[in-house]
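# Overview (structure and organization)
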Amino acid sequence: MTRKKTDLEQLMAAAGTTGEGPAVEVVQPEVRTGAQYALLPSMKAKRPDPSGATPESEAEGGQ
Amino acid sequence: MGKKMGKKTVLVNPPLWNAYAPHLAVPLLLGDLRARGYEAAAYDLSIECVDWMLSTAALEELRTKAEQRRAVDLEDEWARRRALLVAPAAIAGVEEAKAGLRSLATLHEPAAFHSVRRTVRDALWLISGAFPGCDFDLVSNTSRYSAESTLQVLEASTDPDGNPYRWAFDRMLDRDLFLDPSVEVVGVSMSADTQLIAGVTFLSMLREVRPDVHVVLGGNYATRLVDRWQHRHPLFDYVDTVVTGEGEGALASVIDGLGRGRRPGADFREKIPGAVWDDNGILLRTPRHSADISTAAPPAYDALPLDKYLAPGPILPVFASRSCPWDCAFCSIPFASNSFRQRPAAAVADEIRALRAAHGSPFIMFVDEIMSLRTLRNVGEALVETSAGVHWYGETRFARGLDEGLAELLHASGCRRMNFGLESASQRVLDLMRKGTRIDDACDNIAAMLKAGVPIHLFVIHGFPGETEEEAARTVAFAEAVRRLSVQTYGVAHTTWGGSPFVLDVHSPVGTRPEKFGVRVEPPRPQDDLSLQRNYTAESGISQQDSVRVAEDAAGSFGDTTVWFRAARDPMAREIEEFTFLRACVGAPLPETPPVPLFDWPPPHPDARIGIAPGVSLTRAPWPATQTDTGPALALYNAAEDRFLQLNWTGSDWRELDGLPWRDLESWLADHECRYLGTDAGATAALLLRHGFLVPSRRQAEPGPGRLRAEVGIAVVSRGDTHHMTNPITGVTVRLRGSAIDTWHRRLSDETPEPVTPVTEALARYGFLYRCPDVAGRSRPAYVTQGEAV
């Protein structure tokens with residue numbers, strides 16, 4: 001028996017590829033609740049080292 | 001009945017519980033007591049406290065408190081300064097903002113909602129800045145005191161300078177309610193750990209005022225907390241009886257037992273299910289049993305201040321079932337809520353009709369841990385049959401039987417949002433979680449719900465033990481794909497998703513049998529004796545640390561962005577599910593980020609006078625703004641446009657420039673060594689205009705086309721194939737992919753003019769590009785992390 005693939009299954013397959021989504025997208029915490037989840041104090045202590053995400057100046061970022 | 005009257009019970013819901021809707025626990029217990037003939041009252045201390053703190057009078061007092069207190073460290077000083085910057089806007093606007101949050105009309109006006117949310121954010125920032133290490137929020141909050149430590153919780157209860165609740169209770173607690181001599185029992189409901197510090201603070205004050213009343217503690221969190229104690233805990237200084245599990249019937253039995261008086265050799269609590277009490281240093285407890293919910297009394301919402309909750313409606317919580325029959329590895333819900341039971345659907349529908357008639361609100365929230373397929377079908381049919389005319393939302397799980405027919409029934413019965421625990425889009429990970437769902441069913445269910453027009457929300461867990469990086473990324477991509485599908489294919493705008501890192505709960509299956517899940521649990525620090533969560537090491541897959549990073553990446557968050565005033569800790573930024581639901585009900589759009597234009601560029605006429613924009617506030621920051629500065633910065637907040645900016649400026653009165661002709665502004669800034677992030681005076685002058693801090697008396701009639709240039713000071717973080725860019729002045733973050741990254745790099749080099757494309761239009765719309773007459777390139781500033789020694 002074969003089951004007709006839903007739109008979602010196709011989308012899910014596509015989601016595995018890179019480049020999905022618009023070229024410029026405003027990051028909207030209102031829609032994506034994960035932006036502001038409450039971190040437990042013990043987890044705050046375990047935050048990853050942010051050195052890989054240090055804000056750069058535009059000059060540095062543009063190289 | 002006679003014995004029951006004249007003796008009063010007060011039921012208290014301490015902060016902090018969600019401020020957007022009432023909590024079911026207290027009105028449900030109140031309804032139960034009333035139905036049994038007892039005299040009782042309710043006091044929602046959570047919403048009373050939040051509503052009072054978000055008032056003009058309280059915020060005025062908090063501003064003085066923020067001004068006068070000493071910060072404990074640099075980050076704290078930053079929060080204090082931010083509080084002072086936003087104080088004028090918060091104080092002036094808070095009452096109107098609360099009214100706006102409570103109005104359905106605001107949902108239809110995205111600009112008004114944005115403004116209201118911003119003002120409430122400012123007010124929360126002001127509250128936070130008045131207390132050391134405090135993040136005050138409407139959903140959860142932290143202070144310098146940890147809710148995981150008994151010593152700290154007790155210490156907090158007496159400290160009005162470190163604990164916002166003690167400070168507030170000293171001013172707003174309704175003492176008369178408890179001084180009433182007929183009050184003999186006070187019941188405190190503690191459903192979440194967010195209520196512990198305020199709850200204990202209240203209890204300690206109650207003991208001072210009324211040492212004679214019998215205090216009963218109950219609720220989901222209290223149940224989980226007390227379960228771990230064998231010996232007397234200091235909490236029993238304030239509590240006489242804990243009722244674990246469910247309170248219906250048990251609370252009445254406590255009141256009856258007290259009425260019968262003491263009998264030697266026996267304790268009345270021995271016959272009360274789920275009771276825990278201190279007996280000479282040992283905690284005695286009786287077995288719990290599941291309450292009969294088939295005849296549950298309706299919740300007594302008439303006893304709550306329904307006009308004070310911070311959303312239109314009110315949205316009234318109801319329940320059709322209790323507990324959850326599943327045994328998901330990450331969850332402890334079944335632990336605290338006994339066996340799974342369902343109420344007769346007709347009784348639920350009748351209750352909803354009665355609530356609607358009594359309170360005039362058609363908005364209903366089912367707080368069932370899970371609405372099973374049977375519950376959904378029966379309740380849906382009952383609501384249709386009784387023409388209840390309500391809108392409702394609830395939570396369920398993916399299952400084969402949730403087909404198009406059932407989805408259509410749910411929509412017809414008023415369902416306008418359904419929360420699903422997706423957790424993961426990987427079947428392997430779902431199986432690791434013992435979730436018992438099939439991703440194939442999830443796909444079918446989602447399509448069925450969206451086709452029927454019901455918006456959905458997906459909960460995601462990032463980094464369950466054993467999950468790989470690739471599987472976590474695939475889940476995020478899946479959730480994003482569902483959102484796009486919802487909007488683009490089905491025209492359902494209000495579908496959302498949200499993720500959080502996996503949290504190891506000691507009462508969950510992973511917590512009780514970690515070895516079965518490839519997890520090594522780390523012991524808690526001795527001082528964290530109240531913690532019900534544990535750090536852990538996973539044998540395979542993503543580490544606990546990386547699960548936080550995955551969550552931040554998914555959210556487009558930069559991690560700890562305390563570099564700027566705005567930072568990531570906007571307490572109003574998270575999705576408010578009540579508002580998403582209400583928008584779906586009334587057909588209002590989701591609030592998109594409004595355009596963030598850059599103003600008044602190209603420059604005004606040279607003779608134009610420059611004025612400081614109305615509502616701009618300023619404060620001295622305790623750190624230099626750039627690597628080349630040595631003096632502390634001047635921080636400015638343009639409340640009308642919501643922009644924060646730091647200048648290095650050590651002079652005495654920045655307001656001296658008010659009224660200068662535009663032609664003199666650049667030399668004034670140069671003479672006063674006042675500049676933005678190492679830019680020259682010309683660029684600083686331009687930037688002050690572009691962000692609306694300065695307003696020219698005359699604008700150019702028709703700006704020429706000019707060249708698209710990159711705004712100065714944009715922070716860029718590259719992760720994989722995407723760039724995240726934040727404008728620290730506007731706070732807007734955008735995610736760039738593919739060709740957009742190339743476009744941005746070309747604008748930085750600024751060698752050739754850029755044609756107008758959808759990418760450049762979007763970047764200009766959100767304040768990353770601006771049009772400028774061709775002029776020589778400006779110097780590029782470099783950030784320094786605030787507080788870093790220079």
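About the thresholds
- Residues numbered from 1 in each chain as written.
- Chains lettered and ligands numbered in written order.
- Predicted model: local features only at pLDDT ≥ 70, side-chain atom pairs only at ≥ 80, totals over all residues.
- Heavy atoms only, no water.
- Pairing = 2+ DSSP bridges.
- Helix = DSSP H or I, 4+ residues; strand = E, 2+ residues; numbered from the N terminus.
- Axes fitted to C-alpha atoms, helices over the stretch in contact; angles between N-to-C directions.
- Contact = heavy atoms within 4.5 Å.
- Parallel < 35°, antiparallel > 145°, perpendicular 65-115°, else oblique.
- Left-handed = near helix turned anticlockwise from the far one by under 90°.
- Nonpolar A, V, L, I, M, F, W, Y, C, P; charged D, E, K, R; others polar.
- pLDDT = per-residue confidence, 0-100.
- Disulfide = S-S within 2.5 Å.
- Buried < 20%, exposed > 50% of the residue type's maximum accessible area, 1.4 Å probe, protein only.
- Expected span 1.5 Å × (residues − 1).
- Phe/Tyr/Trp six-rings, centres within 6.5 Å; stacked < 30°, edge-to-face > 60°.

Turning our attention to the sheet that holds strand β28 (residues 733-737) of chain B. One open sheet holds the four strands; their spatial order is β1(A)-β28(B)-β27(B)-β26(B), and the pairing between them is antiparallel. Where the open sheet ends on each side, the last strands, each with one partner, are β1 (24-26) of chain A together with β26 (715-719) of chain B. For this sheet the average axis-to-axis angle between neighbouring strands, irrespective of direction, equals 25°. Taken together, the five bridges between strand β27 (residues 722-726) of chain B and β28 of chain B define a ladder with antiparallel strand orientation. Pairing of His724 of chain B across the sheet is with Arg735 of chain B, part of β28 of chain B. Helix α25 (residues 739-749) of chain B contacts β1 of chain A together with β26, β27 and β28 of chain B of the sheet and is inclined by roughly 110° relative to β28 of chain B.

Hydrogen bonds along the backbone pair up the strands of a sheet, which may run parallel or antiparallel. All names here are of chain B. Pairing is mixed across the open sheet formed by seven strands, whose spatial order is β2-β1-β3-β4-β5-β6-β7. Lying at the two open borders of the sheet, with one neighbouring strand each, are β2 (39-43) and β7 (282-285). Neighbour-to-neighbour, the strand axes of the sheet open up by a mean angle of 25°, direction not taken into account. Bridge analysis of strand β3 (residues 183-189) against strand β4 (residues 214-218) gives five bridges, and the strand direction is parallel. Each bridged residue has a counterpart across the sheet, and for Val186 the counterpart in β4 is Val215.

Our focus in this paragraph is the packing of helix α16 (residues 404-412) of chain B against helix α18 (residues 439-452) of chain B. All names here are of chain B. Contact geometry for α16 and α18: axes closest at 8 Å, N-to-C directions at 40°. Viewed along their axes, α16 and α18 adopt a mutual orientation that is oblique. Of the two elements, α16 crosses α18, and the hand of that crossing is right-handed. Mapping the contact onto sequence places Glu404, Ala407, Glu408, Leu410 and His411 in α16 and Ala448, Met449, Lys451 and Ala452 in α18. When its residues are assigned to classes, the contact of α16 with α18 shows five nonpolar, one polar and three charged.

Residues and elements named next belong to chain A. Averaged over every residue, the pLDDT of chain A is 47; the share at 70 or more is 10%. Ranking the elements of chain A by mean pLDDT puts helix α3 (residues 58-61) last with 27 and β1 first with 84. Throughout residues 31-63 the model reports pLDDT below 50, and contacts reaching past four residues in sequence, or to other chains, amount to 89 contacts.

This part is about the pairing of β7 of chain B. Residue and element names in this part refer to chain B. Here strand β6 (residues 275-279) runs beside β7; their pairing, made up of four bridges, is antiparallel. Bridge assignment links Asp278 to a residue of β7, and that residue is Leu283. In this antiparallel pair of consecutive strands, β6 and β7, the connection spans two residues, and Asn280 shows a positive phi of 55°.

Residues and elements named next belong to chain B. Evaluation of the coordinates by the stated rule reveals zero disulfides over all chains. Residue Cys328 stays outside any disulfide, its sulfur separated by 6.1 Å from that of Cys324, the closest cysteine. A residue is classified by how much of its surface remains accessible, and Cys328, at 9% relative accessible area, is buried.

Time to look at helix α19 (residues 469-488) of chain B. Its 20 residues give α19 of chain B an end-to-end C-alpha distance of 28 Å, which sits within 8% of 28 Å, the value for a rise of 1.5 Å per residue. Taking burial as the measure, the 20 residues of α19 of chain B include 14 buried ones, the bulk of the element.

This paragraph deals with the packing of aromatic side chains. Residues and elements named next belong to chain B. Going through the model one piece at a time under the given rule, you end up with 18 aromatic pairs over all chains. A ring pair is formed by Trp52 and Trp167, whose centres lie 5.7 Å apart and whose planes are at 45°; its orientation type is tilted. Separated by 115 residues along the polypeptide, Trp52 in helix α2 (residues 45-53) and Trp167 in helix α8 (residues 164-172) bring together distant segments of the chain. Look at Trp52 and you get partly exposed, because its relative accessible area is 22%. A ring pair is formed by Tyr637 and Phe644, whose centres lie 4.4 Å apart and whose planes are at 15°; its orientation type is stacked. For Tyr637, a relative accessible area of 1% puts it in the buried group. Three or more aromatic residues link up through ring pairs in this structure, and these residues are Phe464, Phe502, Phe517 and Tyr536.

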